Amino acid sequence: MNAIIKCVVLGAMIMSSKAAWATPVPLPFTYPYETLQKGEGEDEMYGDMTPLRVDGVTTVNGANQPATTGPRLWEPAYVLQNELEYGVTDRVELAWYQVFEANPQDGGGNAMTFDGFKYRARIRLAEAGQWPVDVALYFELETLHDEMSLEEKVILAKRFGAFHWMANLWVEEEMNRPWDDSQRNADFVINPTMGTTYEVAPWFQPGIEDWARGTFGGSRPTSIAQQNAQVHNFVGPTVHFDWGKFWFSVGAYVNCNDVNKPDLGAIYGPVWIRTLLGIQL
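Calculation rules
Residues numbered from 1 in each chain as written. Predicted model: local features only at pLDDT ≥ 70, side-chain atom pairs only at ≥ 80, totals over all residues. Heavy atoms only, no water. Helix = DSSP H or I, 4+ residues; strand = E, 2+ residues; numbered from the N terminus. Buried < 20%, exposed > 50% of the residue type's maximum accessible area, 1.4 Å probe, protein only. Contact = heavy atoms within 4.5 Å. Areas by Shrake-Rupley, 256 points an atom, 1.4 Å probe, with all protein chains shown as cover. Lys, Arg positive; Asp, Glu negative; His and termini not counted. Salt bridge = Lys/Arg side-chain N within 4 Å of Asp/Glu carboxyl O. Patch = residues over 30% accessible without salt bridge, like charges linked within 9 Å, V, L, I, M, F, W, Y side chains within 5 Å. Pairing = 2+ DSSP bridges. Core = buried A, V, L, I, M, F, W, Y, C linked by side-chain atoms within 4.5 Å. Polar contact = N/O pair within 3.5 Å; in protein donor to acceptor, adjacent residues only side chain to side chain.

Participant: Describe the overall build of the protein chain, and please don't skip the residues or the numbers.
Facilitator: Counting its regular elements, the protein chain contains 2 helices and 15 strands. Buried residues in the protein chain amount to 40% of all 281 residues. Put simply, of all contacts in the protein chain between residues at least 6 apart along the chain, 55% involve residues at least 24 apart. By element, 64% of the accessible surface of the protein chain is carried by carbon and sulfur atoms, the whole surface being about 14,400 Å².

Set out below in structure tokens:
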């Protein structure tokens, strides 16, 4: 009898902790509709990786220079973000990011740099299930080292039994080199995402996700700059693990535009991987 009572109490504790857990992100690129409850906090850590190409180097008179012959090297590019979230009300959530980049360099290796800050708000327009499709709004200000931008999303979600469909209608207005008169230019970016997960168990949800990014406007003086600005589409499987106090999501996406070796200076490799770890504060 004591064992049964302990099991019931433990189950109640687990269920109560799950009820307070508000915003796991089952699809790494698609923000969910849910927001944190009032007074709750969460730390989310993003890690992005895409393999790119760089020149090898030769040593001439003791100095490294880009190689003129020989094979090019693979070197991953990374973006690391740390996001702190706080529930102002049960429907309004604020967050603050730190952003770091590690860009590949000739000869292999990379240089980690601090890129800047982001500030954002997510607002639910109704309670889940009240509308035919759950809707939330998202607004973000980016203050990066060479860019300022505004980002807007309409977040859509719908549950069909164990299936959970989510989509983000996502645009950005960027100002590059805003303080440099000779290099300042404006871009308009589209970055729509969509995907579906299936709840095999509350702690395990596989899925599939598609995301795209393209840049319009501004100056594109080189062919590789024009290539980078084109709309690139990625699709791939995702897996989400939810353990209540913390959760983990990962997605591996194929570049539908080009699965071959990228050119020098390309910013999208043949695959893109994102990991995301969330911890309740």
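Back to the text.
Participant: Got a sec to walk through the side chain of Asp-43? Specific residues and values, please.
Facilitator: In this fold, Asp-43 is placed in strand β1 (residues 41-54). No salt bridge is formed by the buried Asp-43; its nearest oppositely charged neighbour, Arg-120, is found at 10 Å. Leaving out residues up to four positions away in the same chain, Asp-43 has contacts with Asn-82, Glu-83, Leu-84, Leu-277, Gly-278, Ile-279 and Leu-281.

Participant: Tell me what's going on with unusual backbone geometry, and back it up with residues and numbers.
Facilitator: You will see that Arg-177, though not glycine, has its phi angle at about 45°, which is positive. Tracing the backbone through its elements, the reader meets Arg-177 in the loop between β9 (163-176) and β10 (185-190).

Participant: Tell me about the environment of Glu-152, and please be specific about residues and values.
Facilitator: By secondary structure assignment, the location of Glu-152 is in strand β8 (residues 147-160). Taking relative accessible area as the criterion, Glu-152 reaches 23% and is therefore assigned partly exposed. Note: C-alpha distance between Glu-152 and Ala-121 (31 residues apart in sequence) is 9.9 Å. Apart from the residues lying within four places of it in its own chain, the contact partners of Glu-152 are Tyr-138, Phe-139, Leu-169, Trp-170, Val-171 and Glu-173.

Participant: Just give me the short version of a nonpolar patch on the surface, but keep the residues and values in it.
Facilitator: Side chains of Leu-84, Trp-203, Trp-243, Phe-246, Ile-279 and Leu-281 sit close together on the surface and give an oily, nonpolar patch of about 610 Å² of accessible area. Topologically, Ile-279 is positioned in strand β15 (residues 271-280).

Participant: Which residues make up the pairing of strand β5 (residues 92-104), and what values do they have?
Facilitator: In terms of strand pairing, strand β4 (residues 73-87) meets β5 through 10 bridges, oriented antiparallel. Paired with Tyr-78 across the bridge in β5 is Ala-102. The hairpin formed by β4 and β5 contains 4 residues between the paired strands. As paired strands, β5 and strand β6 (residues 110-124) are joined by 13 bridges and run antiparallel to one another. When the bridges of β6 are listed, Val-92 appears paired with Ile-123.

Participant: Account for the nonpolar core, naming residues and giving values.
Facilitator: In globular proteins that are soluble, nonpolar side chains generally tend to be buried together. Membership of the largest hydrophobic core comes to 15 residues, with the highest contact counts inside it found for Tyr-31, Tyr-33, Tyr-46, Tyr-97, Tyr-138, Ile-155 and Leu-276. Elements with a contribution of two residues or more to this core: β5, β7 (134-144) and β8. Apart from residues no more than four positions distant in its own chain, Tyr-31 is found in contact with Tyr-46, Glu-83, Tyr-97, Arg-120, Arg-122, Tyr-138, Lys-153, Ile-155 and Asn-168.

Participant: Can you break down the environment of Lys-153 residue by residue, with the values?
Facilitator: Residue placement: Lys-153 occurs in strand β8. Since its relative accessible area comes to 3%, Lys-153 is described here as buried. A sequence separation of 16 residues divides Lys-153 from Leu-169, and the C-alpha atoms of the two residues are 5.3 Å apart. With sequence-adjacent residues up to four places away left out, Lys-153 is seen in contact with Tyr-31, Ala-136, Leu-137, Tyr-138, Asn-168, Leu-169 and Trp-170. A distance of 2.4 Å separates polar atoms of two side chains, one belonging to Lys-153 and the other to Glu-151.

Participant: Any chance you could break down the pattern of salt bridges for me, citing the residues and the numbers?
Facilitator: Going through the model one piece at a time under the given rule, you end up with 16 salt bridges. Arg-159 is paired through a salt bridge with Glu-34; the nearest N and O atoms lie 3.5 Å apart. You can see Arg-159 sitting in strand β8 and its partner Glu-34 sitting in the loop between α1 (2-20) and β1, a full 125 residues away along the chain. For Glu-93, the salt bridge identified is with Arg-120, shortest N-O distance 2.7 Å. With a gap of 27 residues between them, Glu-93 in strand β5 and Arg-120 in strand β6 connect regions that are remote in the sequence. A network of salt bridges, in which partner residues are shared, links Glu-83, Glu-85, Glu-93, Arg-120 and Arg-122.

Keep in mind these values describe shape, not function.
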